[in-house]
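Structural description and commentary
The residues making up each chain are set out below.
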Amino acid sequence: MGTRAQQAAQTEAELKAAAIRVFERVGYLNTKITDITVEAGRATGSFYKHFASKEKLLEALLADLLAEGDASAELPGHLDDFRDREAVRWHVAVYWSFYRQHRAIMSALQQAAIVDEAFARRSREMVEPDLHHIAAHLSGLRPPGGPVLAASFFTATLSSATADWFATPTPAAGESETIEALTTFLHTGLGA
């Protein structure tokens, strides 16, 4: 990679990191592009050399998260048959940890999807392969409506419950207890 390409990659990474910090402080909806560029110590024009809009920057962050999620499928302990409670638990625990680590981006994705149907549609398209990955884990269960529908229920429940736990100032239960309860709920609900 040449010097110019390295500098461009560095600027893009700095803009992404700055955006995450600003999202964490003020939320996605309240963030302006100038907030991101000031945080990154860059001129506003540099933002547009890398991203056409704040939504495109968020799409790039989602692409980064999806790549990291794909890598997690290669981690030790990844079981792929949801008839086994431990396979469900592994996915719940990995998602929980992932959400904790990327909470600002996850919240930004939710906020953007609420106010921008085009962004919501694009993010669903980007996440579609992950839905089919989960559906493959359900194929041994023969769930009503089929594996893809059950996978959408699984991911929606997991995502919503995790987001709710992290958004609650004083959750009803601790992390470990919540992960176990969510695992049991999902495993039982899948008919395993």
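Structure report, in brief. (Residues numbered from 1 in each chain as written. Predicted model: local features only at pLDDT ≥ 70, side-chain atom pairs only at ≥ 80, totals over all residues. Heavy atoms only, no water.)

Quick word on the environment of T34
Within the fold, T34 resides in helix α2 (residues 33–40). Exposure remark for T34: the relative accessible area of 39% places this residue in the partly exposed category. Considered as a pair, T34 and F47 are 13 residues apart in the sequence and their alpha carbons are 8.9 Å apart. (Helix = DSSP H or I, 4+ residues; strand = E, 2+ residues; numbered from the N terminus. Buried < 20%, exposed > 50% of the residue type's maximum accessible area, 1.4 Å probe, protein only.)

Considering the packing of helix α5 (residues 85–101) against helix α8 (residues 147–167)
Between α5 and α8, whose axes approach to 10 Å, the crossing angle comes to 45°. With respect to α8, the element α5 is oriented oblique. α8 is crossed by α5, and the crossing has right-handed handedness. Residues V88, H91, V92, Y95, W96, Y99 and R100 of α5 form the contact with α8, whose own contacting residues are F154, L158, S159, T162, A163, W165 and F166. Here the residues of the contact of α5 with α8 are counted per class, giving 10 nonpolar, 3 polar and 1 charged. (Axes fitted to C-alpha atoms, helices over the stretch in contact; angles between N-to-C directions. Parallel < 35°, antiparallel > 145°, perpendicular 65-115°, else oblique. Left-handed = near helix turned anticlockwise from the far one by under 90°. Contact = heavy atoms within 4.5 Å. Nonpolar A, V, L, I, M, F, W, Y, C, P; charged D, E, K, R; others polar.)

Overview of the nonpolar core
Counting residues in hydrophobic clusters, the biggest one holds 49 residues, and the most contacted among them are F23, L58, F82, L109, L138 and F154. For this core, the secondary-structure elements that each account for two or more residues are α1 (3–26), α2, α4 (54–72), α5, α6 (103–115), α7 (117–138), α8 and α9 (175–189). (Core = buried A, V, L, I, M, F, W, Y, C linked by side-chain atoms within 4.5 Å.)

A closer look at the packing of α8 against α9
Interhelical geometry of α8 versus α9 gives an angle of 160° and a closest axis separation of 11 Å. Our classification of the angle between α8 and α9 gives roughly antiparallel. For the pair α8 and α9, the sense of crossing is right-handed. Of α9, the residues touching α8 (which contributes F154, T157, L158, A161, T162 and W165) are E175, T178, L182, F185 and L186. Here the residues of the contact of α8 with α9 are counted per class, giving 7 nonpolar, 3 polar and 1 charged.

Some points on α4
Its 19 residues place the ends of α4 27 Å apart at the C-alpha level, agreeing with the 27 Å of an ideal helix rising 1.5 Å per residue. Restricting attention to buried positions, one finds in α4 the residues K54, L57, L58, E59, A60, L61, L62, L65, L66 and S72. Contact partners of the buried residues in α4: α1, α2, α3 (44–50), α5, α6 and α7. (Expected span 1.5 Å × (residues − 1).)

Examining the packing of aromatic side chains
Going through the model one piece at a time under the given rule, you end up with 9 aromatic pairs. Geometrically, the ring pair formed by Y99 and F166 is stacked, given 5.4 Å between the ring centres and 25° between the ring planes. Taken together, the positions of Y99 in helix α5 and F166 in helix α8 put the pair 67 residues apart, joining distant regions of the chain. The two residues Y99 and F166 agree in class, both being buried. An angle of 80° between the planes, with centres 5.0 Å apart, marks the rings of W165 and F166 as edge-to-face. In this structure, W165 and F166 share a single accessibility class: buried. Through a chain of ring-to-ring contacts, three or more aromatic side chains come together here, namely Y95, W96, Y99, W165 and F166. Positioned above the aromatic ring of Y28, the side-chain terminus of K54 is 4.2 Å from the ring centre. (Phe/Tyr/Trp six-rings, centres within 6.5 Å; stacked < 30°, edge-to-face > 60°. Lys NZ or Arg CZ within 6 Å of the ring centre and 35° of its normal.)

Concerning the side chain of S72
Among the structural elements, S72 can be located in helix α4. Taking relative accessible area as the criterion, S72 reaches 18% and is therefore assigned buried. The contact partners of S72, leaving out residues within four places of it in the chain, are W90 and V94.

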